[in-house]
Amino acid sequence: MTSLRQFVLGIDGGGTRTRAILADLKGKAITKASGGISNVQIAGLQGTAREILKMVKKCCSEARCTPDQIKATVVGLAGAGRKPDQVRTREAIRSLARTNHIRLRNLVVESDGRVAVEGALGGKPGIVIVAGTGSVGFAKDAEGNIYRVGGWGRLIGDEGSGFVIGREALRAVSKHLDGRGGPTLLTALAGKTFKLSDPVKIVSKVYQDQFDVSALAPLVLQAAERGDRVARKILDSQSLELLDHVKVLVKKLRGSEEHRGGKKIRIAFLGGMLQYSNYLSRTLKKKVKSKFPETQIQTPLKSPAYGAVLMALERVKKTLRDLPLHP
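All values reported here derive from a predicted model rather than from experimental measurement.

## Description of the sheet that holds strand β1 (residues 7-13)
And then number 1: Read from one edge to the other, the open sheet built from five strands follows the order β3-β2-β1-β4-β5, with strand pairing classed as mixed. Edge positions in the sheet fall to β3 (29-35) and β5 (107-111), since each of these pairs with one other strand and no more. Averaged over all neighbouring strand pairs, the angle between strand axes comes to 15 degrees, with direction disregarded.
And then number 2: Direction of pairing for β1 relative to strand β2 (residues 18-24): antiparallel, over a ladder of seven bridges. Bridge pairing links phenylalanine 7 to aspartate 24 in β2.
And then number 3: Against the sheet, helix α1 (residues 40-63) touches β1, β2, β3 and β4 (70-77), its axis set at about 145 degrees to β3.
And then number 4: The strands touched by helix α3 (residues 112-121) are β1, β4 and β5; relative to β5, the strand with the most contacts, the crossing angle is about 95 degrees.

## Some words on a positive patch on the surface
And then number 1: There is a patch of like positive charges on the surface, built from Lys247, Lys251, Lys252 and Lys291.
And then number 2: You can see lysine 252 is positioned in helix α8 (residues 229-254).
And then number 3: The exposure class assigned to lysine 252 is partly exposed, which follows from its relative accessible area of 46%.

## So, the pairing of strand β6 (residues 126-131)
And then number 1: Of all six residues making up β6, six are buried, and the element is well covered by its neighbours.
And then number 2: Burial along β6 is two-sided: the residues Gly126, Val128 and Val130 and Ile127, Ile129 and Ala131 are all buried.
And then number 3: Bridge analysis of β6 against strand β7 (residues 135-140) gives six bridges, and the strand direction is antiparallel. Among the inter-strand pairings, glycine 126 is bridged to a residue of β7, identified as lysine 140.
And then number 4: Where β6 folds back onto β7 in an antiparallel hairpin, the turn is made up of three residues.
And then number 5: As paired elements, β6 and strand β9 (residues 265-270) share four bridges and run parallel to each other. From the neighbouring strand, isoleucine 129 faces β9, where its bridge partner is phenylalanine 269.

## Some words on the nonpolar core
When a protein is soluble and globular, its nonpolar side chains tend to lie buried together.
And then number 1: By size, the foremost hydrophobic cluster in this structure holds 45 residues, and its most contacted members are Ile127, Leu186 and Leu274.
And then number 2: Sorting the residues of this core by element identifies β6, α4 (162-178), α5 (185-194), α7 (217-225), α8, β9 and α9 (279-291) as the ones contributing at least two each.
And then number 3: By residue number, the principal contributor to this core is α8, which donates nine residues.
And then number 4: Beyond its immediate stretch of four places on either side in the chain, isoleucine 127 contacts Leu121, Phe138, Ala139, Leu249, Val250, Leu253, Ile265, Arg266, Ile267 and Ala268.
And then number 5: Counting 27 residues, the second largest nonpolar core, distinct from the first, contains Ala20, Val40, Ile102 and Leu104.

## Things to note about α5
And then number 1: Buried residues of α5: Leu186, Thr187, Leu189, Ala190 and Gly191, and no others.
And then number 2: Of the surrounding secondary structure, the elements contacted by the buried residues of α5 are α4, α7 and α8.
And then number 3: The first or second residue beyond α5 is lysine 195, which carries a positive phi of 60 degrees.

## Focus: the pairing of β2
And then number 1: The element β2 is extensively covered by neighbouring structure, given that six of its seven residues are classed as buried.
And then number 2: What sits between the antiparallel neighbours β1 and β2 is a turn of four residues.
And then number 3: Taken together, the six bridges between β2 and β3 define a ladder with antiparallel strand orientation. Residue arginine 19 lies in a different strand from β3, and its bridge partner there is serine 34.
And then number 4: Between the antiparallel neighbours β2 and β3 lie four residues, among them glycine 27 with a positive phi of about 90 degrees.

## Thoughts on the side chain of glutamate 110
And then number 1: Residue placement: glutamate 110 occurs in strand β5.
And then number 2: For the buried glutamate 110, which has no salt bridge, the nearest side chain bearing the opposite charge is arginine 114, at an N-O separation of 4.7 Å.
And then number 3: Apart from the residues within four sequence positions on either side, glutamate 110 is in contact with Val75, Gly76, Leu77, Ala80, Gln86, Val115 and Met311.

## Considerations on the sheet that holds strand β8 (residues 146-150)
And then number 1: Pairing in this open sheet of five strands is mixed, and the strands run β8-β7-β6-β9-β10 from one edge to the other. Edge positions in the sheet fall to β8 and β10 (295-297), since each of these pairs with one other strand and no more. Taking each pair of neighbouring strands and ignoring which way they run, the sheet shows an average axis angle of 20 degrees.
And then number 2: Where β7 meets β8, five bridges bridge the pair, whose relative direction is antiparallel. Of the residues in β8, the one forming a bridge with phenylalanine 138 is arginine 148.
And then number 3: Contacts between α3 and the sheet are confined to β6, β7, β8 and β9, with β6 contributing the most and set at about 125 degrees to the helix.

Parameters and conventions
- Residues numbered from 1 in each chain as written.
- Predicted model: local features only at pLDDT ≥ 70, side-chain atom pairs only at ≥ 80, totals over all residues.
- Heavy atoms only, no water.
- Pairing = 2+ DSSP bridges.
- Helix = DSSP H or I, 4+ residues; strand = E, 2+ residues; numbered from the N terminus.
- Axes fitted to C-alpha atoms, helices over the stretch in contact; angles between N-to-C directions.
- Contact = heavy atoms within 4.5 Å.
- Patch = residues over 30% accessible without salt bridge, like charges linked within 9 Å, V, L, I, M, F, W, Y side chains within 5 Å.
- Areas by Shrake-Rupley, 256 points an atom, 1.4 Å probe, with all protein chains shown as cover.
- Salt bridge = Lys/Arg side-chain N within 4 Å of Asp/Glu carboxyl O.
- Lys, Arg positive; Asp, Glu negative; His and termini not counted.
- Charge placed at Lys NZ, Arg CZ, Asp CG, Glu CD.
- Buried < 20%, exposed > 50% of the residue type's maximum accessible area, 1.4 Å probe, protein only.
- Core = buried A, V, L, I, M, F, W, Y, C linked by side-chain atoms within 4.5 Å.

Encoded structure:
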């Protein structure tokens, strides 16, 4: 009788969408799935758990396997950067899985930034700066130690993120409309794209309709490309904030075994604000190259979801190593 195939599952969940990759034990991707929001702070514990279970079911359906054939599942989630949040989320997922008669073996919940590090650097040492809806920075040294900076959330931090850039755009538009600030293309773009054309509509949409402030970030990037001084000032300021993230993490890695011999510190940028060429990403890269010549900027090797796959594979290996030896 042929034994059943075994898999690992890696999931990356954020404030916009969730992505999953089911892979075999050699790391080969078997199937992929995508879904909706699974940011714990936005979707809540139950909403996040439902989305994760959907990913499990979708992947198993596509691969024609059962959840019991998945040896380890690693879930990297936005909004789950702190240990207590990870524990609560893990328990919520496990509880819902039990209700659905699903057993999830070796379930691990991590932050989205943590799985991004593994994916972008292929499991190797280096730095990853993530700026999407939120922002965070991580570094991994040769010994596997993880260092984190930022990721404090939109009310305290998230510098360089879509939310903060969008919020600064709203401030610039409000000042322009008041006469407290200079003219900016952002006023016309926000009016045309989102009908944020006057104070009444802006206040109503933001405070009553819970308008997605981060949706304005692409307009700031667009205005900056067209030479708008106000948009460029916003992005220049946020690039300096992200540069501070890099500064802290470079300092953490300078003394590590990997880089003591003059080996370059690899840096990868992720998230909608940084992963593609735009005024913010180009400005930040230029500043990093100038300030930190010991670094080397590289294109991310793999996706955050595949980073979760790598962590799941490591989890399987650790489980096998920890098994007692029998004569």
